[in-house]
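# Topology and contacts: notes
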Amino acid sequence: MSLYVMKFGGSSVGDTERMKRVAKRIADKQDEGHRCVVVVSAMGDTTDDLIDQAKLLSSELPAREMDMLMTTGEQISIALLSIALKGIGREAVSYTGWQAGFRTDETHGRARINEIVPRRVLEALEKDKIVIVAGFQGMTLDGEITTLGRGGSDTTAVALAAAIKADVCEIYTDVDGVYSTDPRIVKNARKLNAISYDEMLELANLGAAVLHPRAVEYAKRYQVKLVVRSSFNYNEGTVVKEEASMEQGVAVSGIAYDKNVARISISGVADVPGVLAQVFGKLADAGINVDIIVQSGVQNGEADFSFTVSLDEMERAKEVIRQIREALPYRDVTSEDNLVKISIVGAGMVSHPGVAAQMFDVISGLGISIKMVSTSEIKVSCVVESGKLNEIIQALHTAYGLDTDQQVFVGGPQDRR
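Everything numeric here is computed off the predicted structure, so don't read it as measured data.

Moving on, we come to the sheet that holds strand β20 (residues 379-385). Across the sheet, which stays open at both edges, the four strands sit in the order β13-β18-β20-β19 with antiparallel pairing between neighbours. Of all the strands in the sheet, just β13 (254-258) and β19 (372-376) have a single pairing partner and so form its edges. This sheet shows a mean twist of 20° between the axes of neighbouring strands, independent of strand direction. Pairing between strand β18 (residues 339-345) and β20: seven bridges, direction antiparallel. Residue pairing in the sheet places leucine 339 in a bridge with glutamate 385 of β20. Together, β13, β18 and β20 form the strand contacts of helix α11 (residues 389-399), whose direction differs from that of β18 by roughly 10°.

The interhelical angle for the contact between helix α6 (residues 197-205) and helix α7 (residues 213-222), taken along N-to-C directions, is 165°, at an axis separation of 9 Å. With respect to their mutual orientation, α6 and α7 come out roughly antiparallel. Viewed along their axes, α6 and α7 form a crossing whose handedness is left-handed. Counting all contacts with α6, which are made through Tyr197, Asp198, Met200, Leu201, Ala204 and Asn205, the residues of α7 involved are Pro213, Val216, Glu217, Ala219 and Lys220. Grouping the amino acids of the contact of α6 with α7 by side-chain chemistry returns seven nonpolar, one polar and three charged.

Okay, the sheet that holds strand β17 (residues 332-336) next. Reading across from one edge, β15-β16-β14-β17 is the order of the four strands in this open sheet, with antiparallel pairing throughout. Single-partner strands in this sheet number two, and they are β15 (293-299) and β17. Strand-to-strand twist of the sheet, defined as the mean angle between neighbouring strand axes without regard to direction, takes the value 15°. With five bridges connecting them, strand β14 (residues 262-270) and β17 associate as antiparallel partners. Residue pairing in the sheet places arginine 263 in a bridge with glutamate 336 of β17. On top of the sheet, helix α8 (residues 275-285) reaches β14, β15 and β16 (302-309); it is set at about 25° to β16, its chief contact.

Here we come to a negative patch on the surface. A cluster of like negative charges, contributed by Asp45, Asp48, Asp49 and Asp52, occupies part of the molecular surface. Along the polypeptide, aspartate 52 turns up in helix α2 (residues 46-57).

Here the UniProt feature "domain: ACT" (unreviewed entry) sits at residues 264-335 and 344-411. Annotated as residues 264-335, this span is 29% helix and 36% strand, and its ends, taken at the C-alpha atoms, are 4 Å apart.

Once that is clear, we can look at α8. Within α8, the full set of buried residues consists of Val275, Val279, Phe280 and Leu283. Buried residues of α8 fall within an arc of 105° about the axis and therefore sit on the same side. Facing away from the buried side of α8 by over 90 degrees, the exposed positions are Ala277 and Asp285. If you follow the buried residues of α8, they end up packed against β14, β15, β16 and α9 (314-323).

Now for the nonpolar core. Val5, Val37, Val121, Val131, Cys169, Met200 and Leu211 are the most contacted members of the largest nonpolar core, which totals 49 residues. Sorting elements by how many residues they give to this core places helix α5 (residues 152-163) first, with six residues. Membership of the second largest hydrophobic core comes to 26 residues, among which are Tyr179, Ile255, Cys382 and Leu389.

Definitions and cut-offs
Residues numbered from 1 in each chain as written. Predicted model: local features only at pLDDT ≥ 70, side-chain atom pairs only at ≥ 80, totals over all residues. Heavy atoms only, no water. Pairing = 2+ DSSP bridges. Helix = DSSP H or I, 4+ residues; strand = E, 2+ residues; numbered from the N terminus. Axes fitted to C-alpha atoms, helices over the stretch in contact; angles between N-to-C directions. Contact = heavy atoms within 4.5 Å. Parallel < 35°, antiparallel > 145°, perpendicular 65-115°, else oblique. Left-handed = near helix turned anticlockwise from the far one by under 90°. Nonpolar A, V, L, I, M, F, W, Y, C, P; charged D, E, K, R; others polar. Patch = residues over 30% accessible without salt bridge, like charges linked within 9 Å, V, L, I, M, F, W, Y side chains within 5 Å. Areas by Shrake-Rupley, 256 points an atom, 1.4 Å probe, with all protein chains shown as cover. Salt bridge = Lys/Arg side-chain N within 4 Å of Asp/Glu carboxyl O. Lys, Arg positive; Asp, Glu negative; His and termini not counted. Charge placed at Lys NZ, Arg CZ, Asp CG, Glu CD. UniProt positions renumbered as here; feature names shortened; annotations may be inferred. Buried < 20%, exposed > 50% of the residue type's maximum accessible area, 1.4 Å probe, protein only. Arc of directions from axis to C-beta. Core = buried A, V, L, I, M, F, W, Y, C linked by side-chain atoms within 4.5 Å.

Here it is in structure tokens:
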């Protein structure tokens, strides 16, 4: 008898008919002889609808009250799913995040898990009950309700799987698994049998939305076996594990993209020690994450440099730069926002020279200029104008042998809260 954690996203429990299908799926797993803990998100667009209602009432949305509001979506899901299971003769019990033992820090809207005390979950399992847990939420030591932020239900599932020492954590979504790239762009994208934690983490950080980066981090840290699969069919999914086998000669596993990119350029900064530390220290103090940084050559004692931030942080980042102008004189600050970051990822890059050059060649062959480049041992990212995104993705997918009709093994992206 194995212990499974099964996580179902909002699209999987979007209405009562889908809820019934999920209940049947859980019952089937139990009939196979397994114990089941189920983590669910809010139904469909419930969370967005709640946020929209709050915005109709006030232009300011207090973080604490928003956590109180948004956690109700998951509570509806767990109660309905438990009722659905009981309707088909199964013993089930539903728990909120705090009832399941999730203790978090005090950061409303993006809390971190400090510990999990799953006593009630384990007790219910001992009584052969199916346990339904609300994703995305927890509670502080002094009793404040919190939410875990974007991707919180994925994180809940993986962290709970680690805490109760589950054999497998299955993430059910609206796609069949992890793909070599977004199949909405490349129709012959390949579904992967397996992918490594490191590759999946890079892809998740670079825009592939099938798994949230925090969930993959937990899985890697605690060696949780992850399986991504569809809630709408019984096809085999994609296994995320420590090492995934790779066919000889394959360097790139997948291609991801991120449209939420803006570039900020600062020109005419004095080329003296400590300048970059001053700029990026102030951005960090403001809670703004910086991705790619490029410094240009020095002329007449002055340097220019550019960096990328998320599109929704662009104006705030520019304001931070303006505020330090007196302490750090510069000639000008400009920004660009119709950009996209395209990334190739693959553990095989380490032993395959020329992978980056091939990417640059493909992009330039489409008549597109590369504005910024970032590399690591297993990824290369290029920032370009967004106009030809689909063409670039398709061309790279073919160039690296990832099309299904090329009969090559790969690894790679794809939906999230």
